[in-house]
Each structure stands twice: as structure tokens, then as C-alpha cells.
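Structure at a glance
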Amino acid sequence: MSFFNLIYANKSKINENSFSQLAENVLSNSILMVKRNQKTVSSVTEMQIQCVQVLGEYKWTRASGIVLEFFDLARLLYNQKDLEEDSFVKVITALGTTAPLDAVPALIEYLESLNAKVERFDSVSENVTLAVIKTLGAIGDKSAFDSLLAVTYYSYPQSVLSAARDALSNLRW
């Protein structure tokens, strides 16, 4: 068990600011470690997800750049099957509270790539797609309009289509 896991188990006893700073630093250092040595991925992924959850839970926007950087890494790991779907969904969801404005272009780009896969009749994860759509809807940035509207033209499951309509209605003009 890592040092961070021990602290995470007792997070209710730690000041939110201190715990958020710790999570930010641990996430930043672990990203660097993974970039240097791909063999460490599996040993730190759980800890990274915990860090992202903490930063999202406490709405620690100061870490927006680090969480966005981790999103790129998590996306790569997810595509390589080195990150579980549930963990990737947690990262996407955390973007909405830690990097709301900065995350919009990355989420739009990812949604467009999902749309392109569906257009080619490739399968995409319903949970991941829902997480992207709901996060964009929660942020409410109008620049997501085209990508969200495009979802309604593809053969997604009804839950995804409904989420896209809800997200469209949440956009701020």
C-alpha cells in the first residue's frame, strides 16, 4: 500500500486544502513517472484515479492543467486497454469540476472522435460517451453545440441521445 493510499483512507481527518495540494502534487509527479517509464503504469493508476477524484470532489481548479494532462494520458491508456472504463469515466467527470473551461476543447475533440467511430459503425463505450456528454452539459459552454448536436444524428443508444438533448438544453448562450 502506498503512502497516498494510507492518507486517502483517512482523508476525512485532513484539511481539504492540504489534501487537495497533496493530491495535485502526487498526480503531477506520477504523470512524470509514467511518462519516463511506461512499466510503472499499472502500479500508479489506482493512485492517480484517487488523486483525480479528490481534486474533482474538492473542485480544485488550481490543478486544471495537471488534470487535463492526465486526461490525455488516461485517454491513451484507455485506448491501449491499460485503464478500465470506470476509471476513465471518473477522469472525464472530474474534468467538469477541476478544469471546466479548459476541458471543453479536449472533451469536444474526444466527442468528435467518438462520433466518427459511430459513423464508421465501430463500437464505443456507452458509459464513456455519457460521461463526456454529461460533463459538457454540466459545463454549459456553447462551443460544444455542434458536437452535441451531431450526437443526435448518429445511431447511439437512446440513453446517449437523451443525454445529448439534455446537454444541449444546458448550454449557455
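Look a little higher up for the structure.
First things first, this report covers the structure right here in the doc. Every chain is numbered on its own, with residues counted from 1 as its sequence reads. Where totals are concerned, whole chains, interfaces and linings use all residues; where local detail is concerned, this predicted model gives features only for residues with pLDDT of at least 70, and gives and counts side-chain atom pairs only at 80 or more. For side-chain calculations, the full set of non-hydrogen atoms in the structure is used, while hydrogens and water are omitted.

**Section: the pattern of salt bridges**
Convention followed: One side-chain nitrogen of Lys or Arg within 4 Å of one carboxyl oxygen of Asp or Glu is enough to make a salt bridge. Numbering of helices and strands runs from the N terminus; a helix is a DSSP stretch of H or I covering at least four residues, while a strand is a stretch of E covering at least two.
On inspection of all chains with the given rule, the structure shows 4 salt bridges. Lys 35 is paired through a salt bridge with Glu 69; the nearest N and O atoms lie 2.7 Å apart. With Lys 35 in helix α2 (residues 16-36) and Glu 69 in helix α4 (residues 64-79), this pair connects stretches of sequence that are 34 residues apart.

**Comments concerning helix α3 (residues 41-57)**
So the rule is basically this: Take the residue count of a helix, subtract one, and multiply by 1.5 Å to get its expected span. Per-residue accessibility, obtained with a 1.4 Å probe over protein chains only, is compared with the maximum for each type, and a residue is labelled buried under 20%, exposed over 50%, and partly exposed between these values.
If you check α3, its first and last C-alpha atoms are 24 Å apart, about what 17 residues at 1.5 Å a residue would give, namely 24 Å. Of all the positions in α3, only Val 41, Val 44, Thr 45, Met 47, Gln 48, Ile 49, Gln 50, Cys 51, Val 52, Val 54, Leu 55 and Gly 56 are classed as buried. Of the residues one or two after α3, Lys 59 is the one with positive phi, at around 50 degrees.

**Notes on the side chain of Thr 129**
The condition that has to hold: Residue contacts are counted whenever heavy atoms from the two residues lie within 4.5 Å of one another.
You can see Thr 129 is positioned in helix α7 (residues 126-139). What makes Thr 129 buried here is its relative accessible area of 0%. Thr 129 has contacts with Leu 114, Val 124, Tyr 156 and Val 160, leaving out every residue within four places of it along the chain.

**Considering the packing of helix α6 (residues 100-119) against α7**
What counts here: What counts as an axis is a line fitted to C-alpha atoms, over the stretch in contact for a helix, and the angles between N-to-C directions run from 0 to 180 degrees. Working rule for handedness: look at the near helix, and if it is turned counterclockwise from the far one by less than a right angle, call the crossing left-handed; if clockwise, right-handed. When residues are sorted by character, Ala, Val, Leu, Ile, Met, Phe, Trp, Tyr, Cys and Pro go into the nonpolar class, Asp, Glu, Lys and Arg into the charged class, and all the rest, Gly among them, into the polar class.
Packing of α6 against α7 brings their axes to within 10 Å, and their N-to-C directions diverge by 145 degrees. Helix-helix and strand crossings are classified by hand; for α6 and α7 the assignment is left-handed. Residues Pro 100, Val 104, Leu 107, Ile 108, Tyr 110, Leu 111 and Leu 114 of α6 form the contact with α7, whose participating residues are Val 128, Thr 129, Val 132, Ile 133, Thr 135, Leu 136 and Ile 139. Broken down by class, the residue content of the contact of α6 with α7 amounts to 12 nonpolar, 2 polar and no charged.

All we've got here are geometric facts, nothing functional implied.
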